[in-house]
Amino acid sequence: MADLDDIDYSDLEAQYATHFESPLDCAVILDGAPVVGPDRADKLIGAIIKAAQTTAGLRVPKESFDMPRDEDEKSKGYIFITLPSIQEAQVFQRALHGYAFDKRHTFSVVPFSEVHHYDELEDDWVEPAVEDWAPKEHFRAWLGDPAGRDQIILFREDTAELVWNGRGGAFEVAHTREHWTDTYFQWSPFGTLLATIHGPGIALWAGPKFDRLNRFAHAEVKLVDFSPFERYMVTWSPRPIEPTFPFSDEDEGHSIAVWDTMTGALLRTFPMVGAPGAEGAEKRIVWPMFKWSPDEKYLARVTPGQQISVYEVPSMQLLGKKSVKIDGVVDFEWAPLNDKEREELDAERSGTAEKKKAGTLPRENIIAFWTPEVANQPARVTLMTLPSRTMLRSKNLFNVHDCKIHWQSNGDYLCVKVDRHTKTKKTQYCNLELFRLRDKDCPVQVIEIKDAVTAFAWEPKGERFVLITTNDPNHGQVAAGVLLKTSVAFYGFDSRKGDFLQLKTFDNKTSNTVYWSPKGRHCLIATLGSNSKFDVEFWDMDLDTEGEKIDEKDKAGSGIRLLTTVEHYGLTDIEWDPSGRYVATSASMWMNSMESGFALWDFKGAELQKASADKFKQLLWRPRPPTLLSKDDQKRVRKNLREFARQFEEQDQLDESNVSAELLALRQRLIEEWNSWRASAREYVEEERIRLGKAPKKTLAAAQESQDDLETVEEWVEEVVSETVELI
């Protein structure tokens, strides 16, 4: 019988171990409170109790407060608060730490158990040693490439390559790493940070050598989303959060986390929400679950059917301390910024903004949301400003099946695609509700489409959009991979009539997706998700039609031309490069592609490179930040475009000549090696004939005589370049 002392009880001891909890761990110190007298002390405590109940859902009894006073019976600006448990103390601290009580007072909450750290401070201040300055790698060093090349990540098997895309699609490997990520890669909006996804969490990489910037512990994380200026990040995991560092008991069971990308700090966690009353609502994933305002000041999400919750960043407190209650709300979208607003925001962020005049209202963000038909109330689309919550415009809708909100990239126009049904609900059609936000009273134009709209896309910074429609009876009930007959329609804004007009329509298509160039003008219309057809059409919206006879009625859309149609077998993904000069198509093994690999094309549809790769997974262009050139500099470049184009053409010719020179040098070396070998072989043969007593070979002798008889003749040719006659 084994000795009982050899049995390992460590797991049971750890499971049932008791932990000492000091009563001091339940107490916190709230600093930054207003200094008040005895007559206003109760009012202040009542306000703090209300704030705790609103932000953290805690009911703190009045007896829990201990407010020290000075000789004049006035408070000292800090309060001792004792909570019933350690967990409630942690919740109270996280909810009210950094809480803006009013314009002049912001709370700072720390656990009472940390007070002893202040006793350890030295009485005499010692100036810290100044560290020697050491240059660091710039996070955006890749933008300094002399040739202005863009970068691509190619991910195949377990190998990731970061390559430069040169002229003509020539790749140059810049960085290679094995087992860099467990699942996939994702760039931040400006290409500064690269996120890799792992089982324990997410890692961020930056700099020319891609050193690790930060790690974020979020077990089994699946999805990540960055804020517009890359300062914050939202992650989601299907595995509920456990109360281990950096999470606390308050975060237990949540699935969404908000982080600071630079410091790695956890800002807040959130539980999942779904349609109210829906069974298994938490399993419905709509990403991103939180949507960032374009100025990165707010983070918002919708609770379907109830409200839109807007949180201030980085405090993560509800805007106005309460959500925006909207009965039946389904979805919303933030309005993008226009060029002027972006310039003002950049000046504000850099601290160079001009001081605003007294009485000038701060800029507000705009959201668009829609609510469905409920009882006798029609469906509605509404525009609202935040943080003032002012209603700008609303439009009633009838017989609504679904709505999709599409903002133009500058926020000048809003299209609400309304899928409608007849009274029998057997037939669907579509209306486009087009809001013009820069015009007075925000007028709305309605375009009725008799067929179902399967795709919609605005031209970036433009006034045109593309529709793909279908009247195929199989729409909505076809199996995966089956093609529908579709039509492609182009619309544009007519400034004379003040409306959007249909420019051109092309029928008998099978296309189902639209990809605009980031610079506008060019777009791709492709067929994805099919098992038999993989066409990609390259379209130019402004092709030069000089010299062609065009009817007056077709003049508005005369520049819309199909440049070419290409095919990439097994196509699953399409992505433009940031410059709009190149486009990459790829076939990923993740999408069960029949032949994985990628291809590179120019904007006209000319193939530059095509490669098949086993277990090819992902291709990602590296994004670029907005240009640093001012408006005046951009105008100067456009004005002198021919001069700059000439410089680039000369550089291209120089690059070609360098390649040609290398090729010619190689050929010359090979010829010289051949001639040298031939001469040595001739001498060897001649020596052997003489050794054997044979006469020299006639051809060799004739060649030698002709070589000896060679005579160099120089001929001077004079040519009159110009002639001038002067009369004296």
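Residues numbered from 1 in each chain as written. Predicted model: local features only at pLDDT ≥ 70, side-chain atom pairs only at ≥ 80, totals over all residues. Heavy atoms only, no water.

1. A look at the overall build of the protein chain
In plain terms, the rule: The helix and strand labels rest on DSSP assignments: H or I over at least four residues marks a helix, E over at least two residues marks a strand, and numbering proceeds from the N terminus. When a residue's accessible area, from a 1.4 Å probe over protein chains only, is under 20% of the maximum for its type it is buried; when over 50% it is exposed; and in between it is partly exposed. Note on contacts: a residue pair is in contact if any heavy atoms of the two residues lie within 4.5 Å. All accessible areas in this document rest on Shrake-Rupley with a 1.4 Å probe, and a residue is counted as covered only by the protein chains that are shown.
The secondary structure content of the protein chain amounts to eight helices and 40 strands. Burial statistics for the protein chain: of 728 residues in total, 40% are counted as buried. When contacts within the protein chain are restricted to residue pairs at least 6 apart in sequence, those whose partners lie at least 24 apart make up 49%. Of the roughly 44700 Å² of accessible surface on the protein chain, 50% is carried by carbon and sulfur atoms.

2. Considerations on the sheet that holds strand β37 (residues 582-587)
We apply this condition: At least two DSSP bridges between two strands are needed for those strands to be called paired. Axis definition: a line fitted to C-alpha atoms, limited for helices to the stretch in contact. Angles are taken between N-to-C directions and run from 0 to 180 degrees.
Taken in spatial order, the four strands make up an open sheet running β36-β37-β38-β39, and their pairing is antiparallel. Sheet topology places β36 (573-576) and β39 (607-612) at the edges, where each strand pairs with a single neighbour. Within the sheet, the average angular offset between the axes of one strand and its neighbour, ignoring direction, is 15 degrees.

3. Brief notes about the pairing of strand β10 (residues 201-206)
In terms of residue burial, β10 counts as a mostly covered element, since six of its six residues are buried. Here strand β9 (residues 194-197) pairs with β10 via four bridges, running antiparallel. Counted as the bridge partner of T196 is A203 from β10. Between β9 and β10, which follow one another and run antiparallel, lie three residues. Between β10 and strand β11 (residues 211-217), which pair antiparallel and follow one another directly, the connecting turn spans four residues, one of which, G207, has a positive phi of 90 degrees.

4. A closer look at the side chain of S255
Mapped onto the elements, S255 comes out in the loop between β13 (232-236) and β14 (256-260). Taking the relative accessible area as the measure of exposure, S255 reaches 8% and is therefore buried. Excluding anything up to four places from it in sequence, S255 contacts H218, T235, W236, S237, I241, F270, P271 and M272.

5. Regarding the environment of I153
Tracing the backbone through its elements, the reader meets I153 in strand β5 (residues 150-156). Of the residues examined, I153 reaches a relative accessible area of 1% and is grouped as buried. As for I153 and Q186, which are separated by 33 residues in sequence, their C-alpha atoms are 9.8 Å apart. Apart from the residues within four sequence positions on either side, I153 is in contact with E161, L162, F185, W187, L194, Q618, L619 and L620.

6. Digging into the layout of surface pockets
For clarity, the cut-off: Cavities and pockets are found on a 1 Å grid laid over the protein atoms alone: a cavity is a set of points where a 1.4 Å probe fits but cannot escape, a pocket is an open set with protein on both sides within 12 Å along at least five of seven lines, and a lining residue has an atom within 4 Å of such a point. Grid points are joined across faces, edges and corners, and a volume is the space filled by probe spheres set on the points. Polarity classes work like this: nonpolar for Ala, Val, Leu, Ile, Met, Phe, Trp, Tyr, Cys and Pro, charged for Asp, Glu, Lys and Arg, and polar for all others, with Gly in that last group.
By volume, the second largest pocket amounts to about 790 Å³. As for the second largest pocket, its lining consists of 35 residues, and the residues nearest its centre are T55, R268, Y311, M316 and Q317. Mapped by element, the contributors of at least two residues to the lining of the second largest pocket are α2 (38-56), α3 (86-96), β15 (266-270), β17 (298-303) and β18 (307-312). Considering each element in turn, the lining of the second largest pocket owes the most residues, five residues, to β15. Of the residues that constitute the lining of the second largest pocket, the class distribution is 15 nonpolar, 13 polar and seven charged.

7. Here's the deal with the sheet that holds strand β22 (residues 379-386)
Whether parallel or antiparallel, the strands of a sheet pair through hydrogen bonds between backbone atoms. Taken together, four strands build an open sheet; the order of strands is β20-β21-β22-β23 and the sheet is antiparallel. Looking at strand neighbours, the two that pair on one side only are β20 (331-334) and β23 (391-397), the edges of this open sheet. Between one strand axis and the next, the sheet turns through 15 degrees on average, direction left out of account. Relative to strand β21 (residues 365-371), β20 is paired through four bridges, and the arrangement is antiparallel. Each residue of the ladder has a partner; that of E333, found in β21, is A368.

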